[in-house]
Amino acid sequence: MKKITNLKIKKFKKHLENQNKAKSTIDCYVRYVSDFRDWLDERSVTKKCTSEYVDLLLDKYVSTSVNMIISALNAFFDYNAWPENKISKVKTQGKATDEHDKELTEDEYRQLLDISKNIKNQKLYLILRIICATGVRASELVLITVESVKQKRFFVEFRGNVKAVSIPDDLCKLLLEYIDANGIEDGSVFVDDKGKPLNRYDVYCEIKKLCEYTDISDEKITPASIRHLPKRTYTDQMVRLLTY
């Protein structure tokens, strides 16, 4: 009988910690496995059940989000030596017929900022702000260091060229307050509980946490959607958007 118990989840979490996985990654994996356990409702794990669960998820979420959940479940199955229950990732969906349905609006962006404030996640709030204000990619957040914040700019290399990107004054002030409050002396500003800089996947998981608190399509709640928002809303109100 292959059943997911609290003890198995606890041991799986410890296993991920021993592998030096980022806290955000561990939290996502544990949550996904726990959700699957709750859906099973005391039933044993089978490949058929796993496939049925994934089919239900595809009715609610985009394929990229479902594939993250599949990765978590497969990792759990590997840890427990249940390889027969692993399933393949689903094919990613093509572009929507109406691309505007996938674009984050200014109002939705502000809602995400409000949510991050309400759940008292200052790190997530600042990640949203810095991505929108500077266009930095999730993989480039490591470039936001204590030194760069003090200098109010950071440098990005793209196609052989190095570009200086300015950080707005009001955002620098907030970042410096965050740095001081968290005792960050040098290096990357956005780190996990072990002091490791957040990687692209960690940032994706952090932002996806907002999906639990809003009815905004989770397809819109991505680093890329936030990064591209200023390009679509470059109007007289742009300053208000970046300093909200």
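Residues numbered from 1 in each chain as written. Predicted model: local features only at pLDDT ≥ 70, side-chain atom pairs only at ≥ 80, totals over all residues. Heavy atoms only, no water.

Asks: What exactly am I supposed to notice about the packing of helix α6 (residues 122-134) against helix α9 (residues 200-208) here?
Replies: In a pair of packed helices, the angle between the axes and the distance between the axes together describe the arrangement. Put simply, α6 and α9 touch, their axes get as near as 10 Å, and they point 110° apart. Considering the angle they form, α6 stands roughly perpendicular to α9. The hand of the α6/α9 crossing is left-handed. In this structure, α6 uses Leu124, Ile127, Leu128 and Ile131 to contact α9, whose residues at the interface are Val203, Glu206 and Ile207. Of the residues contributing to the contact of α6 with α9, the split by class is 6 nonpolar, no polar and 1 charged. (Axes fitted to C-alpha atoms, helices over the stretch in contact; angles between N-to-C directions. Helix = DSSP H or I, 4+ residues; strand = E, 2+ residues; numbered from the N terminus. Parallel < 35°, antiparallel > 145°, perpendicular 65-115°, else oblique. Left-handed = near helix turned anticlockwise from the far one by under 90°. Contact = heavy atoms within 4.5 Å. Nonpolar A, V, L, I, M, F, W, Y, C, P; charged D, E, K, R; others polar.)

Asks: How do you make sense of the pattern of salt bridges when you look at a structure like this?
Replies: A pair can form between side chains of opposite charge whenever their charged atoms are brought close. Across all of its chains, the model carries 12 salt bridges by this definition. Its salt-bridge partner being Asp169, residue Lys152 comes within 3.3 Å of it at the nearest N-O pair. Of the two residues, Lys152 is situated in the loop between α7 (146-151) and β1 (153-158) and Asp169 in helix α8 (residues 169-181); the sequence distance between them amounts to 17 residues. (Salt bridge = Lys/Arg side-chain N within 4 Å of Asp/Glu carboxyl O.)

Asks: What's the story with unusual backbone geometry in this structure? I'm lost.
Replies: Note: most residues except glycine have negative phi, and most peptide bonds are trans. A positive phi angle, near 55°, is found at Asp41, a position not held by glycine. You can see Asp41 is positioned in the loop between α2 (23-40) and α3 (47-58).

Asks: What am I meant to see in a positive patch on the surface here?
Replies: Together, Lys14, Lys21, Lys194 and Lys196 give the surface a local cluster of positive charge. Considering the arrangement of structural elements, one finds Lys21 in the loop between α1 (6-18) and α2. Judged by its relative accessible area of 36%, Lys21 falls in the partly exposed class. (Patch = residues over 30% accessible without salt bridge, like charges linked within 9 Å, V, L, I, M, F, W, Y side chains within 5 Å. Areas by Shrake-Rupley, 256 points an atom, 1.4 Å probe, with all protein chains shown as cover. Lys, Arg positive; Asp, Glu negative; His and termini not counted. Charge placed at Lys NZ, Arg CZ, Asp CG, Glu CD. Buried < 20%, exposed > 50% of the residue type's maximum accessible area, 1.4 Å probe, protein only.)

Asks: In this structure, what is going on with the nonpolar core? I would like to understand it.
Replies: Buried together is how nonpolar side chains tend to be arranged in soluble globular proteins. Among the nonpolar cores identified, the biggest contains 40 residues, and Leu128, Ile130, Leu175, Phe190 and Ile207 are the most heavily contacted of them. Counting residues per element, the ones that place at least two in this core are α5 (106-118), α6, α7, β1, α8, α9 and α10 (223-232). Per-element accounting of this core gives the leading share, 9 residues, to α6. Here Leu175 is in contact with Leu126, Ile130, Val149, Ile167, Val189 and Phe190, once residues within four sequence places are set aside. Counting residues in each nonpolar core, the second largest holds 29 residues, with Val33, Ile70, Tyr204 and Cys205 among its members. (Core = buried A, V, L, I, M, F, W, Y, C linked by side-chain atoms within 4.5 Å.)

Asks: Would you take a moment to explain the environment of Ile4 for this structure?
Replies: Within the fold, Ile4 resides in the segment before α1. For the pair formed by Ile4 and Arg37, sequence separation is 33 residues and the distance between their alpha carbons is 5.9 Å. Not counting the four nearest positions on each side in its chain, Ile4 is found in contact with Ile9, Val33, Phe36, Arg37, Leu40, Val45, Phe76 and Trp82.

Asks: Please clarify how the packing of aromatic side chains should be interpreted in this entry.
Replies: Aromatic ring pairs: the centre-centre distance and the angle between the two ring planes describe each pair. Under the counting rule described, the total for this entry stands at 10 aromatic pairs. Ring centres of Phe36 and Trp39 lie 6.1 Å apart, and the angle between their planes is 15°; on these two criteria the pair is classed as stacked. Pair noted here: Phe36 and Trp39 are both in helix α2, with a separation of 3 residues, about one helical turn. Among the residues examined, Phe36 registers a relative accessible area of 0% and is labelled buried. Ring centres 6.4 Å apart and planes at 35° place the aromatic pair Phe77 and Trp82 in the tilted group. Judged by its relative accessible area of 0%, Phe77 falls in the buried class. Here the aromatic cluster, defined as three or more aromatic residues joined through ring pairs, consists of Phe12, Phe36, Trp39, Tyr53, Phe76, Phe77, Tyr79 and Trp82. Here the guanidinium or amino end of Arg43 rests over the ring plane of Trp39, the centre of that ring lying 4.6 Å away. (Phe/Tyr/Trp six-rings, centres within 6.5 Å; stacked < 30°, edge-to-face > 60°. Lys NZ or Arg CZ within 6 Å of the ring centre and 35° of its normal.)

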